[in-house]
Amino acid sequence: MSVLSAEAVGEAHRESFWRRHLHVFLLAPGVAWMVLFLIVPLIMMVYVSFWTQTTFAINSTLTTKSWSTFFASETYYGALVRTLRLWLTVLALTFIAGYPTALFIGQFVRNKTFQTVLLVTCVIPFWTSFLIRVLAWRPMLGKEGAINIVLEKLGLISGPIEVLLFTELSVIIGMVQIYVVFMVGPIAFMLARIDDSLLEAARDLGASPMTIFRKIIFPLSLPGVVVGAIFVSVMVLGEFATASALSGRKVNLLGNIIVTQVGSLKWAFAAVVGVVLTAVMAVVITGLLRLVNLQKEL
Amino acid sequence: MHHLVGLRWLLGLYTVLFIAFLYGPFVVMGILSFQQGPEGGPQFPIREWSTFWYEHVLGFAPPSRIAPLPIAEALTRSVSLAFATMVVSTVLGTLTAQAFRTKFKGSGAVFYLVVLGMMVPGVLLGLGMALVADQFGIDRTWWGTAFVLHVVYTYPFAFLVMLAIFNRFDRSVEEAAWALGVPPGRTFRKVTFPMIFPGVLSAMLFALTLSYDEFPRTLFTSGSDVTMPIAIYGTFAVEIHPNLFAFGILTTLFSFAVLTVYGILMGISTRRARARFADLQEEIA
Amino acid sequence: MMELQGLTKSYDGVPAIADFSLDIRDDEYVTLLGPSGSGKSTLLRLIAGLERPDAGSIILDGTNLTGTPTHLRGLGFVQQKFGLFPHMSVRENIAFGLRYRQIDPVTDRNELDARVEDMLELVGLDGFGDRMVGEISGGQRQRVSLARTLICEPRICLLDEPLGALDANLRERMTIELQRIRSTLGVTFMHVTGNEAEALAMGDRMIVLNEGRAIQIDTPDTIFNHPGCVQAARFLNTYNILPGGMENGHFLSAGTRLAAPRGIGDAAHYVIRHDHIDIRAGGTEPREGFAHMEVEFIASEFLGARVIYFFRRPDGGVIEAERHLSVVRPKDIRRGETRVLHWPVDDVLFYDRDGDLLETQSSVLEAV
């Protein structure tokens, strides 16, 4: 039989120290990375938003001038309002367009393999370059685009519909198509998790399909809706590429303003817009997180 | 809901339309990628079917006024960046998820700190990092400032995937190894890691694709040597040509290839696992 | 020899193990009986080092192991769910600890192979070495789990409900196997179980655990015949426990007067083993030296060599009687029929309000 040597006992003490603090060592690299490259940049952004902006440079003299410029300017303030309007529209549309599909996949498809196939089918577009996905809408929506051609061939319209491309509408269509998958996934996941016996019990008690949907299925799918809404909100609020590609630079969101400001080296203004966007995000996300415990749903 | 046949068909039909909506632009893009070149533009009608734009993308087409996509440099950068990001964020994600297997004080704060990385819009993070770099005199490069942001973005995904894997992991197997006198580090290498490998593979796939396609974070931080998405974004400002569509189709095919390899690897490992686990579950139950 | 001194562990303020002390001798088979939630698994996990005690110490051959991590303790731990490595063959599973342990690993291929081969033979798995653990039956998995622990020659082998995952048939066979393997190797076994038959059958010494405390430590024979307290009697699952109190030399339990020996103290529990009860026709007169109760038949359970009869007591509770078919022929009783139950007063055990056994004349005599 093996006997603990003095060396092994000494090692035991070291080991137990290691073990007691093991999670600290495991967490340290990740936490350090996030603090350095996530928290520090965000704090820097807040800090720089109070710096003084001159035509080509910034200096660290603190001022609120950039802030007053932001709220005084029709362009900036308008961008904030437009961002919020677009976000709410896209959020509502992804929910309306996505829920029936999620319901079909999660509740009406009983075959697990088919369920997976359908979900993967929805996710495949996600594997193609985001920017090319956006660009693909141009030949679809343009004056000589696929939709106009088809509609004209069918005799439904006499001339091309021009509002389809380079308008806010085209931005909305593009964003809904790109982000709706993030709504469908979580909802379908929650719906597929509903215990069948629960629905059977409700049917046995004589509940109508509508009642079952309202009282059981919909409430149980709500965490999925919230998680989906978080995904969509995070992505839509920070958007700028879809807007610039499909609106011909006519629709300027907060993201677009940041890009333009950075392009002309207006760091302080860009930082102000960034802080505003962060504040909007924080309110939206904490509001949504209040409805669902993300850590528990996983 | 099984007896609601009518509703079932209605929703099924809707789902078909929904999928058509998701794929419509792709189909159009696919058709237009065979547009005649170099005069043919990215719109209908098709002047003449040709593979000119594919040749253009791959650099076989004769020189014309349309600049070729910077495949050689930008794509190489994108792929190297994606691989580096994949490795680092999977390692970080696995370490953090491993720490979350025991309860500890402040776990909620750490959880949200990590998840914040995928929540903060890329444009904000890119801006913040650009400000930091500008202020501290750090050069903005795709392998430096852009890389760290890619990890900030993909590490939370890897972490969540690994967290889900560990939630389903039976820890009695590890305890058995310790009780046999095998130290924790060796137990992790010999027992835990082989068992969680399919999960690690998923985490890697997530990180790889997210990083490869990443663009708002890269925009402000990659400096003058651009990655592929930035190169594509650059063409937004000027005229677009069907070479982008051809490139899109090619990358889609490439994604399919990666997915297929992943699927095969997963298939092999689950089949092996199934052979090994065979009826273990039911017998224990 | 291992000494456990005042081990204490609670989870979120709820005590799981409270001030537990025990000496375990070398080459001994200790069984630990406790219902679920009695803290028996926690105790094993504390000894194995998988949990850290709030107080108390674990001393093995004079060395304090309390702060030592699991892999340096040199103990074996066989889990209820086996915890086999699913990605390895039977042979690799068994060789794993020997090969990769930190202290004194065996790196020589030939020695490793030889020892694994010996172990396969000892646990009766010769020829199964190359199977994957998913390809063998539950009983065989149990043997692999045991073999990979024993090959490391632990000083004490802890077994956490090792037979819990097996079906009844297999369990009985493994009971014998376990004892054979243990006596071959001379390793101390500490076997935790919720099954009273297993605990009684296997141990040299038996511990009854309740709410994190040892309520009786003795030989299985003593515990079975004289449970030290009323909870121990309850866990043995073979005693009728009638609550009540003494009144004028009789025990009064919910309206029934039961005969009691003279000089018994302030009894609160009247405890009679199932197999001490005799079943008589309704209307049978009481006899001297026997207790007597009129009951109504509910059901019987045929268990092969024995039958358990369930009767309704006058107060509505249930009383069980067990008859061995080698002694009597099965009785044909119809539901609702009245019977009289008889048992010798000398066989009755009395416990006081705190659940402690009261000395009766007969038990004093027996002790002498």
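Residue positions are given per chain, counting from 1 as you read along its sequence in written order. Here every chain gets a letter starting at A, and every ligand a number starting at 1, in the order they are written. Only residues with pLDDT of 70 or above have their local features reported here, since the model is predicted, and side-chain atom pairs are shown and tallied only from 80 upward, although totals for entire chains, interfaces and linings are computed over all residues.

**Q** Could you give an account of the overall build of chain A, naming the residues involved and the relevant values?
**A** A tally of regular secondary structure across chain A gives 15 helices and two strands. Based on C-alpha atoms, the radius of gyration is set beside the globule rule, defined as 2.2 Å times the residue count to the power 0.38. Relative to the 2.2 N^0.38 estimate, which gives 19 Å for 298 residues, the radius of gyration of chain A is 26 Å and therefore markedly larger than a compact globule would have. Projecting the C-alpha coordinates of chain A onto the three principal axes gives extents of approximately 95 × 70 × 35 Å. Burial is judged by counting other C-beta atoms within 10 Å of a residue's own C-beta: 20 or more means buried, 12 or fewer means exposed, and anything between counts as partly exposed, with every C-beta placed from the backbone. Counting every position in chain A, which comprises 298 residues, the buried fraction comes to 45%. Residue pairs qualify as contacts under a 7 Å threshold applied to their C-beta atoms, which are placed from the backbone. Taking contacts inside chain A between residues at least 6 apart in sequence as the whole, the part at least 24 apart equals 70%. In this description a helix means any DSSP run of H or I spanning at least four residues, a strand means any run of E spanning at least two, and both kinds are numbered starting from the N terminus.

**Q** Quick one: what's the story with the overall build of chain C, residue by residue and with numbers?
**A** When helices and strands are counted, chain C shows nine helices and 22 strands. In chain C, which comprises 368 residues, the proportion classed as buried is 40%. Long-range contacts, defined here as pairs at least 24 residues apart, represent 65% of the contacts in chain C between residues at least 6 apart.

**Q** Before we move on, could you go through the interface of chain B and chain A and cite the residues and values that matter?
**A** Tallying the contact residues gives 74 residues for chain B and 68 residues for chain A. When contributions to the side of chain B that touches chain A are tallied by element, the ones reaching two or more residues are helix H1 (5-32), helix H3 (71-99), helix H4 (107-119), helix H5 (122-136), helix H6 (145-167), helix H8 (184-213), helix H10 (228-237) and helix H11 (242-277) of chain B. No other element matches H1(B), which puts 16 residues into the side of chain B that touches chain A. Side-chain classes follow a simple rule in which Ala, Val, Leu, Ile, Met, Phe, Trp, Tyr, Cys and Pro form the nonpolar group, Asp, Glu, Lys and Arg form the charged group, and the remainder, Gly included, forms the polar group. Taken together, the residues of the side of chain B that touches chain A break down into 55 nonpolar, 16 polar and three charged.

**Q** Break down the environment of Phe224(C) for me, with residues and values.
**A** Residue and element names in this part refer to chain C. With respect to the element layout, Phe 224 can be found in helix H7 (residues 220-225). Spatially, the C-alpha atom of Phe 224 lies 7.6 Å from that of Leu 200, the residues being 24 residues apart in sequence. Setting aside residues no more than four positions away along its own chain, Phe 224 makes contact with Leu 200 and Leu 236.

**Q** Please give an account of the environment of Val340(C) that cites residues and values.
**A** Residues and elements named next belong to chain C. Mapped onto the elements of the fold, Val 340 is located in strand E20 (residues 338-344). It is 6.8 Å that separates the C-alpha atoms of Val 340 and His 292, two residues lying 48 residues apart in sequence. Sequence-distant contacts of Val 340, that is, excluding residues within four places in its chain, are made with Arg 280, Ala 281, Gly 282, Thr 284, His 292 and Glu 294.

**Q** Which residues make up the sheet that holds strand E18 (residues 306-312) of chain C, and what values do they have?
**A** All names here are of chain C. Note: two strands are recorded as paired if DSSP finds a minimum of 2 bridges between them. An order of E16-E20-E17-E18-E19 is seen for the five strands of this open sheet, with the pairing classed as antiparallel. Only two strands of the sheet have a single partner each, and these edge strands are strand E16 (278-281) and strand E19 (318-324). Geometrically, the sheet is characterised by an average inter-axis angle of 45° between neighbouring strands, direction not taken into account. Pairing geometry for strand E17 (residues 290-302) and E20, over seven bridges, is antiparallel. Its bridge partner lying in E20, Met 293 is registered against Leu 341. What counts as an axis is a line fitted to C-alpha atoms, over the stretch in contact for a helix, and the angles between N-to-C directions run from 0 to 180 degrees.

**Q** Tell me about the sheet that holds strand E12 (residues 245-247) of chain C, and please be specific about residues and values.
**A** Residues and elements named next belong to chain C. Ordered by their spatial adjacency, three strands build an open sheet running E12-E13-E14, and the pairing between neighbours is antiparallel. Looking along the sheet, the strands with just one partner apiece sit at the ends: E12 and strand E14 (256-259). Between one strand axis and the next, the sheet turns by 40° as a mean value, whatever way the strands run. Bridge analysis of strand E13 (residues 250-253) against E14 gives four bridges, and the strand direction is antiparallel. Note on E14: the bridge partner recorded for Leu 252 is Arg 257.

**Q** Explain the pairing of E20(C) residue by residue, including any values.
**A** Residue and element names in this part refer to chain C. The two faces of E20 differ: Arg 339, Leu 341 and Trp 343 on one face are buried, but Thr 338, Val 340, His 342 and Pro 344 on the other face are not. Here four bridges tie E16 to E20, and the two strands are oriented antiparallel to one another. Within E20, the residue paired with Ile 279 across the bridge is Leu 341.

**Q** Describe helix H4 (residues 74-108) of chain A, with residues and values.
**A** The span expected for a helix works out to 1.5 Å for each residue beyond the first. Over its 35 residues, H4(A) extends 50 Å from the first C-alpha to the last, a length consistent with the 51 Å expected when each residue adds 1.5 Å. Bend is the name given here to the angle between axes fitted to two runs of seven residues, the run ending at a residue and the run starting at it. Helix geometry: H4(A) is bent most strongly at Gly98(A), by close to 35°, with proline Pro100(A) lying one to four residues after it.

**Q** Can you break down the nonpolar core residue by residue, with the values?
**A** Each nonpolar core consists of buried Ala, Val, Leu, Ile, Met, Phe, Trp, Tyr and Cys residues. Their C-beta atoms, within 7 Å, join them into a set. Counting residues in each nonpolar core, the largest one holds 161 residues, and the members touching the most others are Tyr179(A), Val273(A), Leu127(B) and Val152(B). The residues touching Tyr179(A), leaving out its near neighbours within four places in the chain, are Val90(A), Thr94(A), Val232(A), Met235(A) and Val236(A). One finds Leu84(C), Met202(C), Met206(C) and Val345(C) within the second-largest nonpolar core, a separate group that totals 95 residues.

**Q** Mind laying out unusual backbone geometry, listing which residues take part and the relevant values?
**A** For Leu265(A), which is not a glycine, the phi torsion comes out positive at approximately 60°. When you line up the elements, Leu265(A) lands in the loop between helix H13 (254-263) and helix H14 (267-291). Its 15 C-beta neighbours within 10 Å are what place Leu265(A) among the partly exposed residues. Look at Asp61(C): it is not a glycine, yet its phi comes out positive at around 45°. Tracing the chain through its elements places Asp61(C) in the loop between strand E4 (55-60) and strand E5 (63-64).

**Q** Can you break down helix H4 (residues 138-150) of chain C residue by residue, with the values?
**A** Residue and element names in this part refer to chain C. Over its 13 residues, H4 extends 18 Å from the first C-alpha to the last, a length consistent with the 18 Å expected when each residue adds 1.5 Å. When we look at burial in H4, the residues that qualify are Arg 141, Gln 142, Arg 143, Val 144, Ser 145, Leu 146, Ala 147, Arg 148, Thr 149 and Leu 150. Looking at the buried positions of H4, the neighbouring elements they touch are strand E6 (76-78), helix H2 (90-100), helix H3 (109-122), strand E7 (156-160) and helix H5 (168-185).

**Q** Explain the packing of helix H3 (residues 65-72) of chain A against H14(A) to me, using residue names and the numbers behind them.
**A** How two helices pack is summed up by the angle between their axes together with the distance between the axes. Residues and elements named next belong to chain A. Put simply, H3 and H14 touch, their axes get as near as 9 Å, and they point 65° apart. Relative to H14, the element H3 lies roughly perpendicular. Note on packing geometry: the crossing formed by H3 with H14 is right-handed. Side by side, H3 and H14 meet where Ser 66, Trp 67, Thr 69 and Phe 70 of the first sit next to Ala 268, Phe 269, Val 272, Val 273 and Val 276 of the second. Between 65 and 115 degrees an angle is taken as roughly perpendicular, under 35 as roughly parallel, over 145 as roughly antiparallel, and anywhere else as oblique. Working rule for handedness: look at the near helix, and if it is turned counterclockwise from the far one by less than a right angle, call the crossing left-handed; if clockwise, right-handed.

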